Amino acid sequence: MKKKLWFMLIFVMIFLFIGCGTINTVVRDDSVARRDLSRVSSPCATIPRVYSGVAYNICTLRGKPSRTSLWIGGVPELMLVDIVLSSALDTVILPYTIYEQALEGNLELE
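Residues numbered from 1 in each chain as written. Predicted model: local features only at pLDDT ≥ 70, side-chain atom pairs only at ≥ 80, totals over all residues. Heavy atoms only, no water.

### Observations concerning the state of the cysteines
Phase 1: Enumeration according to the criterion identifies 1 disulfide in this entry.
Phase 2: The disulfide partner of cysteine 44 is cysteine 59, and the S-S distance across this bridge is 2.0 Å. Here the disulfide of cysteine 44 and cysteine 59 is left-handed, its torsion about the S-S bond being about -100°. Of this pair, cysteine 44 sits in the loop between α3 (30-39) and β1 (46-47) while cysteine 59 sits in helix α4 (residues 52-62), and the two are 15 residues apart along the sequence. The residues cysteine 44 and cysteine 59 share a single accessibility class, namely buried. (Disulfide = S-S within 2.5 Å. Helix = DSSP H or I, 4+ residues; strand = E, 2+ residues; numbered from the N terminus. Buried < 20%, exposed > 50% of the residue type's maximum accessible area, 1.4 Å probe, protein only.)

Rendered as structure tokens:
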């Protein structure tokens, strides 16, 4: 029973981190954030690299989902949970994102 519970916990954590705003903006390529935010017609033109996960989630919430993104995009309630998780992770990696912000500037979405 413990093994099954542990497996489910790992599966849920992996599922949450796949859609995590911080993972999408810091770990993955910039083109992933561009594609995801264009899919929901986000009005954001740039995202700062400092606290980029929170900014990504807010831009996602401000977008207008298309028919396809309704099936693959996040639910607003889950996005609010992801904002909290992303803000914690963004705080942990703050020294790295400050360096990236100084080196590369904002993440351009257009």
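### A few points about α4
Phase 1: α4 sits mainly inside the fold: 8 of its 11 residues count as buried.
Phase 2: All of the buried residues in α4 are Ser52, Gly53, Val54, Ala55, Tyr56, Asn57, Cys59 and Thr60.

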